Amino acid sequence: MTDNKTIQTQLIHAPRKAPQYIASIQPPLFRASTIIFPSTAHLFDRHWTDAYDYSYGTHGTPTTYTLADQLAQLEGGTHCLLAPSGLSAINLVNSTFLNQGDEVWVPDNVYGPNMEHLKNLQQRYGIIVKVYNPIDANSFTPSAHTKLIWLEAAGSVTLEFPDLKNLVKKARQANVLIALDNTWGAGLAFNAFDFSDEHLSVDITVHALTKYPSGGGDILMGSVITRDQKLYHQLFKMHATQGICVSGDDTAQVIRSLPHIRLRYQQQAKTTQDLLAWLKQQPEFAQALHPADANSPGHAFWQEICIDQQSAGLVSVIFQANYDISAVRRFCDALTLFKLGFSWGGPVSLVMLYDLKQMRVLPNTHLQQGLLVRFCIGLESAQDLIQDIQNALQQIEK
Ligand SMILES: *Cc1c(COP(=O)(O)O)cnc(C)c1O
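Fair warning: this is a prediction, and the values are worked out from it, not measured in the lab.

Peer 1: Would you explain the site of the ligand in this entry?
Peer 2: Near the ligand there are 13 residues, and of these Gly-86, Leu-87, Asp-181, Thr-210 and Lys-211 occur at the shortest range. In the model, a nitrogen atom of the ligand is placed 2.6 Å from a nitrogen or oxygen of the Asp-181 side chain. One nitrogen or oxygen atom from the side chain of Lys-211 is found 2.5 Å from an oxygen atom belonging to the ligand. Here the ligand has 380 Å² of accessible area as a free molecule, and 89% of this is covered by the chains. Cavity membership is defined here by more than half of the atoms lying within 2 Å of grid points; on that basis the ligand lies in the largest pocket. When the residues that make up the shell around the ligand are grouped by side-chain class, the tally is 6 nonpolar, 5 polar and 2 charged.

This is the structure we're talking about:
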């Protein structure tokens, strides 16, 4: 220290500046509530709707904009907003676009908490929630009040791949806004903004970054991406006025994981397909659900849409109807490598059990009766995971 300020002040106003040429593999991390304006001119000339509004931490920092730019590129969009969880990103879309009396359509296999949120909007604001069968585009019958349709490709529990082309075409014709929960495809399995020969596109994607982009099972975050400037501005305004924001530290963790997202995705997909081949052979299961399986609902749509036949690391099985809840619980409890927990996309394989009867609205014709167990495949070897399931199956037979 060369000047004559007190130590106390020097501890706060450290004079060292990083030289311009300094570079590191990971970009510098900004943690900020306050953003310091270099002058009153900057303060008064700022426009909070600018592409990069450096005015306050909630509006973003170079760290959050770095991740947002990368995600927009990954998914084929141009604008991205970050939210503190995938669910928060979903809610941002719902609360930006749904007004009193509007109708919204969701697939029967919709991510459960999205449905809960919409039911809440239904009660409070008279929003009408309608349900369609994802593999039957005819079940989507928009009216003059229809504002928004949600798509999931594939559904995250039963893994039906939807008739994406026809659903999107119908929505376009009816002037309905199209939002896709893109967590399963992760921007890797297909390009949601240009997914067919006819250059079909959704309007908005939502991604639970909690899954593959984080990759660690330790960060919660979500994104909303679009290519439409007008939609972006509507979303941006709601995002800003609701104070939706993410921490610099969490953002830096996701930035650090993105360079290997594709490698992890592909490896987890391969392990999952190896497991699928084995699961299909086991007499305890009535049905194995994974879009790559010819008997899985929506298989042909998946084949048509997904680049290089890519898929995420999720596979579900439906137990034969004679396995009751206590048997399926014993199975889940007997697994050792598969941990019992929600979420996916991390290094550790997970298992979760579901009772479809409590999750569906429409009569179901494509899923067997029985309790469903979903496996989320981590980075362990297929051989060890198969062994784990085999051991657990043997224990419930006892
Ligand atoms: C996990 C998940 C979400 C929600 O993400 P969170 O970050 O856990 O809130 C949304 N959609 C799908 C398909 C998911 O799997």
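Continuing now.
Peer 1: Would you mind going over the nonpolar core with me for this structure?
Peer 2: One recurring pattern in soluble globular proteins: nonpolar side chains tend to sit buried together. Grouped together as the largest cluster of nonpolar side chains are 53 residues, with contacts concentrated most on Leu-67, Ile-149, Leu-151, Phe-161, Trp-184, Phe-190 and Val-202. When contributions to this core are tallied by element, the ones reaching two or more residues are α3 (62-75), β1 (79-83), β4 (146-152), α6 (164-173), β5 (177-181), α8 (248-257), α9 (261-279) and α10 (299-305). Residue contributions to this core reach at least three from each of two domains, namely domain 1 (14-258) and domain 2 (261-394). Other than its neighbours up to four places away in sequence, Ile-149 contacts Trp-105, Tyr-132, Phe-140, Leu-167, Ala-171, Val-176, Leu-177, Ile-178 and Ala-179.

Peer 1: What exactly am I supposed to notice about the UniProt feature "modified residue: N6-(pyridoxal phosphate)lysine" (unreviewed entry) in the protein here?
Peer 2: When the UniProt feature table is mapped onto this chain, "modified residue: N6-(pyridoxal phosphate)lysine" (unreviewed entry) is found at Lys-211. Within the element layout of this structure, Lys-211 appears in the loop between β6 (204-208) and β7 (222-226). When neighbours within four sequence positions are excluded, Lys-211 is seen to be in contact with Thr-183, Ser-343, Trp-344 and Gly-345.

Peer 1: Got a minute to help me understand empty space enclosed by the protein in this structure?
Peer 2: The gaps left among the atoms become clear once a water-sized probe is rolled over them. As enumerated under the stated definition, the model contains 1 cavity of 30 Å³ or more in all. What lines the largest cavity is simply Asp-108, Asn-133, Pro-134, Arg-360, Leu-362, Pro-363, Asn-364 and His-366. A breakdown of the residues in the lining of the largest cavity according to their chemical character gives 3 nonpolar, 3 polar and 2 charged. No fewer than three residues from each of domain 1 (14-258) and domain 2 (261-394) sit in the lining of the largest cavity.

Peer 1: How should I be thinking about the pairing of strand β9 (residues 314-319) in this particular structure?
Peer 2: The two faces of the sheet receive side chains in turn, since in a regular strand these alternate between them. Most of β9 sits inside the fold, with 6 of its 6 residues counted as buried. Alignment of strand β8 (residues 285-289) against β9, held across 4 bridges, turns out to be antiparallel. In the strand pairing of β9, Gln-287 is matched with Ile-318. Here β9 pairs with strand β12 (residues 372-376) via 5 bridges, running antiparallel. Looking at β12, one finds that Leu-314 is bridged to Cys-376.

Peer 1: Teacher, can you tell me more about the packing of α3 against α8 here?
Peer 2: The description of two helices packed together rests on the angle between their axes and the distance between the axes. Between α3 and α8, the least distance of the axes is 9 Å, while the angle of their chain directions is 35°. Of the two possible hands of crossing, α3 and α8 adopt the one that is left-handed. From α3, Thr-63, Thr-64, Thr-66, Leu-67 and Gln-70 reach across to α8, where they touch Gly-248, Thr-251, Ala-252, Val-254 and Ile-255. Per-class residue counts for the contact of α3 with α8 are 4 nonpolar, 6 polar and no charged.

The rules behind the values
Residues numbered from 1 in each chain as written. Predicted model: local features only at pLDDT ≥ 70, side-chain atom pairs only at ≥ 80, totals over all residues. Heavy atoms only, no water. Near = heavy atom within 4 Å. Polar contact = N/O pair within 3.5 Å; in protein donor to acceptor, adjacent residues only side chain to side chain. Areas by Shrake-Rupley, 256 points an atom, 1.4 Å probe, with all protein chains shown as cover. 1 Å grid on protein atoms, 1.4 Å probe; cavity = no way out; pocket = protein on both sides within 12 Å on 5 of 7 lines; lining within 4 Å. Sits in = over half its atoms within 2 Å of the grid points. Nonpolar A, V, L, I, M, F, W, Y, C, P; charged D, E, K, R; others polar. Core = buried A, V, L, I, M, F, W, Y, C linked by side-chain atoms within 4.5 Å. Buried < 20%, exposed > 50% of the residue type's maximum accessible area, 1.4 Å probe, protein only. Helix = DSSP H or I, 4+ residues; strand = E, 2+ residues; numbered from the N terminus. Domains from an automatic or database assignment. Contact = heavy atoms within 4.5 Å. UniProt positions renumbered as here; feature names shortened; annotations may be inferred. Points joined across faces, edges and corners; volume = space filled by probe spheres on them. Pairing = 2+ DSSP bridges. Axes fitted to C-alpha atoms, helices over the stretch in contact; angles between N-to-C directions. Left-handed = near helix turned anticlockwise from the far one by under 90°.

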